[in-house]
Structures are given as C-alpha cells and as structure tokens.
Amino acid sequence: MYNFARSLLFRLDPETSHGLALGALDTLHRVGGVQRVYGEPVSDPVELMGLRFSNRVGLAAGLDKNADHLDALGALGFGFVEVGTVTPKAQPGNPKPRLFRLAGHEAIINRFGFNNKGVEHLVAQVKKRHYKGVVGINIGKNLATSVENALDDYLLCLDAVHGVADYIAVNISSPNTPGLRTLQFGEQLDALLGPIRSRSQALDDALGRKVPLLVKIAPDMSEEEVALVAGSIARNGLDGVIATNTTISREAVKSDPQAAEAGGLSGKPVFEASNTVIRLLRAQLPTLPIIGVGGIDSGETAAAKIAAGADLVQLYSGLIYQGPGLVKTCALALKQHR
C-alpha cells in the first residue's frame, strides 16, 4: 500500500508531499486508523538515562519540527519521538526549494535552516499530547543570533522546554545554520556545554526530576575530532549523545544530478559514516548512552547500529523510502537481537 502512496507523493514537490503525508497521517489517527493499519506497537522495554522506552526505535528530530503531529507519529509504534529543532523565535528558514530527493541513492538533501514556529508554540503542542512514550526536544539557535551569542538562544530554549521534555538534545551539528558546526570543537564546545549543563542541573533541582541532556553531533569528523568531542561530553557530564546528524559529504552520491545542492545529506549514504562515529564514541565513552541515527532502512541496518555501539536508534529518511511499516520492522528486529 505504501509503495502506491509513495509513487503518488514522489510526483509532487518534496516539501509539499511531506506536508500532505503528515496531514493524511493526522486524519488517519483522528479516526483511530493508525494502529489498525500498522498494528500494535512492539513491546521491548529498556531503561536508559532514567527513562523507560517501550522499544528502542525512535523518530529523529526534523520530521516534526513543531510537535504538530506528535500523537499521530507516536501511534506508528515509536518507543520515543524527538521533536524540533526548535529555536527561541519563529523563523521561516531558508528559501525554497530546500528539500531534494536523491531517489536512486535512497537519500535526501535538505537545507531547511531550522524553519519552525518558535519554542512557545512547540511547548504548547507538547503539553497537549496524548502520546505516552518518551518525548525528546531538540533545541537550536536562531539564524539571526551570532555564533558568539549562541549560548543565549540555547539557554532560552532550555528554560522553555525543560518542564515538558523527557530529554533535551542540543543540536550543534546542522550544516544549514552558518557557523553552527564550529561549536562542536575545543574551547567553543566546552564554553557551550558547560553553562547548558549547569542550567539544566539547576532546573532539574527546581523541578525535582532529572531531564537528561544530550548533544547531537555530525558524522563529518576525524578520529581525533571525535575524541575531542567525547572528552568535552565527559567533562561536562552530559547524559548521552545522538550520532549522527546529516553529512556535508557528497562522495557517495556524486553521480546524482542533484548532488551539488547545498545542505545536509541523509539516508542510506550516511549509514557507514554514522556507524564509524558511533564505534569511535563507544570506544571513548564505554558507558554513555548513544542514540544511533543515519541510514536505517531495514531491521538489519537497525541491528547494525546497535552492533556498532548504539543503545537506541532513530529513523527519518528511511520512513520516506520504506514507509511507516519500517518502525515495526526495526523494533521487532531489535527485540529478536536482544
């Protein structure tokens, strides 16, 4: 059934079809049809970071930037859903077109630029949720905020979302906000993560519950750079890491006519690069929770992420090419590989 729907959606502009697909899912959910079509969620509970995940398959940030579709997406059987990236103020993002399918490589290039309705809107949506699974909120900085003042935006978002998030992910790895990835290294990373960790701890104490703090990193790093990032994560006491975001490399898709489009590449071509970073992180941080994301399109590739060192996995581009049934396929595969 999804193959037929995909053939229709792929005839449309990618961003238009994205909106239509989410709207259709919302409608199906309102009439109670999501679980009738896709079945009951897979139960494979795991405790991590003080949270209980009903299974190890989550939705990556970026698909539901504003938490407008949280309940419908959660009904697909995800053990956790990450919404965002959200910024303090609403912003339109980069000019269109900004989303491109590289169908021959089962890949996507996007240069959205953190388009979102702002943190107040997202918080209101999360408060209304009926989805009972774990909800992570991915936070970033506004385009108009300089890299030098990025910390201010992260703290504003942290303050706003802390009361409604089950975990918070600090996005310093999108290639679509100029200068953002420079925050991943050296003193700049410590200068960012240290104050965010301190504020998070103070909010935890005030609220009386711990909200795990994670950081999302890029796949485009050398072994030495991963070691530097791992050191900063350990020094600043973060609770986990999400590996990885999209890649700026085009080596795997250089034959595609759209390969020259600017933006982050996701999907099948980022699978091995993501796994490499996960392995390096696991060697550096043997006990730190890792969420593996990048190129998962089957139960086998989900299991390979776990074998590389991830504790949980997230889907995004694979859903576009394989359909919502991928959630259950991956959750069952991971349950069988316990």
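Described below are features of the structure shown in this document.

What counts, and at which threshold
Residues numbered from 1 in each chain as written. Predicted model: local features only at pLDDT ≥ 70, side-chain atom pairs only at ≥ 80, totals over all residues. Heavy atoms only, no water. Helix = DSSP H or I, 4+ residues; strand = E, 2+ residues; numbered from the N terminus. Rg over C-alpha atoms; globule rule 2.2 N^0.38 Å. Contact = heavy atoms within 4.5 Å. Areas by Shrake-Rupley, 256 points an atom, 1.4 Å probe, with all protein chains shown as cover. Lys, Arg positive; Asp, Glu negative; His and termini not counted. Charge placed at Lys NZ, Arg CZ, Asp CG, Glu CD. Buried < 20%, exposed > 50% of the residue type's maximum accessible area, 1.4 Å probe, protein only. Polar contact = N/O pair within 3.5 Å; in protein donor to acceptor, adjacent residues only side chain to side chain. Pairing = 2+ DSSP bridges. Axes fitted to C-alpha atoms, helices over the stretch in contact; angles between N-to-C directions. Right-handed = clockwise from strand over helix to strand, strands pointing away. Salt bridge = Lys/Arg side-chain N within 4 Å of Asp/Glu carboxyl O. Phe/Tyr/Trp six-rings, centres within 6.5 Å; stacked < 30°, edge-to-face > 60°. Core = buried A, V, L, I, M, F, W, Y, C linked by side-chain atoms within 4.5 Å.

1. Points about the overall build of the protein chain
Next, step 1: When helices and strands are tallied, the protein chain shows 12 helices and 13 strands.
Next, step 2: Expected size for 338 residues packed as a compact globule is a radius of gyration near 20 Å; at 18 Å, the protein chain falls within 12% of this value.
Next, step 3: Referenced to the eigenvectors of the C-alpha coordinate spread, the extents of the protein chain come out at roughly 50 × 45 × 40 Å.
Next, step 4: Here the contacts in the protein chain between residues at least 6 apart in sequence split such that 73% fall between residues at least 24 apart.
Next, step 5: Here the protein chain has roughly 13700 Å² of accessible surface; of this, 56% comes from carbon and sulfur atoms.
Next, step 6: Across the protein chain, the 34 positively charged side chains and the 33 negatively charged ones have centroids separated by 6 Å.

2. Regarding the side chain of Asn-236
Next, step 1: Here Asn-236 lies in the loop between helix H8 (223-235) and strand E10 (240-243).
Next, step 2: The class for Asn-236 is buried, based on a relative accessible area of 14%.
Next, step 3: Separated by 2.9 Å, the side chains of Asn-236 and Asp-190 make a polar contact.
Next, step 4: Setting aside anything within four residues of it in sequence, one finds Asn-236 in contact with Asp-190, Leu-193, Gly-194 and Arg-197.

3. Here's the deal with the sheet that holds strand E12 (residues 290-293)
Next, step 1: One closed barrel accounts for 8 strands, arranged E3-E4-E7-E8-E9-E10-E12-E13; its pairing is parallel. Ignoring strand direction, the axes of neighbouring strands in this sheet form an average angle of 25°.
Next, step 2: In this structure, E12 lies alongside strand E13 (residues 312-315), joined through 3 bridges in parallel fashion. Each residue of the ladder has a partner; that of Gly-292, found in E13, is Val-313.
Next, step 3: In the packing of helix H6 (residues 150-161) onto the sheet, contacts are made with strand E4 (80-86), strand E7 (134-139) and strand E8 (167-171), and the angle to E7 comes to roughly 160°.

4. Overview of the sheet that holds strand E5 (residues 99-102)
Within a sheet, each strand pairs with its neighbour through backbone hydrogen bonds, oriented either parallel or antiparallel.
Next, step 1: Overall, antiparallel pairing links the 3 strands, which are arranged E5-E6-E11 in an open sheet. The open sheet terminates on both sides in strands that have one partner only, identified here as E5 and strand E11 (264-267). Across the sheet, the mean angle separating the axes of adjacent strands is 25° when strand polarity is ignored.
Next, step 2: When strand E6 (residues 107-110) meets E11, the two strands line up antiparallel, connected through 4 bridges. Within E11, the position partnered with Ala-107 by the bridge is Gly-267.

5. Observations regarding the environment of Leu-20
Next, step 1: Take Leu-20: it is sitting in helix H2 (residues 14-30).
Next, step 2: Measuring from C-alpha to C-alpha, the distance between Leu-20 and Leu-9 comes to 8.3 Å, with 11 residues separating the pair along the chain.
Next, step 3: Setting aside anything within four residues of it in sequence, one finds Leu-20 in contact with Leu-9 and Leu-12.

6. Focus on the pairing of E12
Next, step 1: The alternating pattern of E12 places Ile-290 and Gly-292 on one face and Ile-291 and Val-293 on the opposite face, and all of these are buried.
Next, step 2: Pairing geometry for E10 and E12, over 3 bridges, is parallel. Counted as the bridge partner of Ala-243 is Gly-292 from E12.
Next, step 3: Handedness of the crossover joining E12 and E13 through helix H10 (residues 299-308): right-handed.

7. Let's talk about the pattern of salt bridges
Next, step 1: Counted by the stated rule, this structure contains 15 salt bridges.
Next, step 2: Linking Glu-251 and Lys-254 is a salt bridge whose minimum nitrogen-to-oxygen distance equals 2.8 Å. An identical accessibility class is assigned to Glu-251 and Lys-254; each is exposed.
Next, step 3: With a shortest N-O distance of 3.0 Å, Arg-282 and Asp-311 are connected by a salt bridge. Taken as a pair, Arg-282 in helix H9 (residues 271-284) and Asp-311 in the loop between H10 and E13 lie far apart in primary sequence, 29 residues in all.
Next, step 4: The structure contains a network of salt bridges with shared partners spanning Arg-197, Asp-204, Lys-210 and Asp-239.

8. Describing the packing of aromatic side chains
Next, step 1: All chains considered together, the criterion is met by 3 aromatic pairs.
Next, step 2: Judged by centre distance (5.7 Å) and plane angle (85°), the rings of Phe-10 and Tyr-321 are edge-to-face. Of the two residues, Phe-10 is situated in the loop between helix H1 (2-9) and H2 and Tyr-321 in helix H11 (residues 317-322); the sequence distance between them amounts to 311 residues.
Next, step 3: Owing to a relative accessible area of 25%, Phe-10 belongs among the partly exposed residues under this scheme.

9. Considering the nonpolar core
Next, step 1: By size, the foremost hydrophobic cluster in this structure holds 71 residues, and its most contacted members are Phe-78, Ile-137, Ile-139 and Leu-281.
Next, step 2: Per-element tally for this core: the top contributor is H6, with 6 residues.
Next, step 3: Grouped together as the second largest cluster of nonpolar side chains are 15 residues, Met-49, Phe-53, Phe-80 and Tyr-167 included.

10. Describing the environment of Leu-12
Next, step 1: Following the sequence through the fold, Leu-12 ends up in the loop between H1 and H2.
Next, step 2: On a C-alpha basis, the gap between Leu-12 and His-105 in space is 18 Å, while along the polypeptide they are 93 residues apart.
Next, step 3: With residues up to four places along the chain from it excluded, the contact list for Leu-12 reads Ser-17, Leu-20 and Arg-101.

Just geometry here; none of it tells us what the structure is for.
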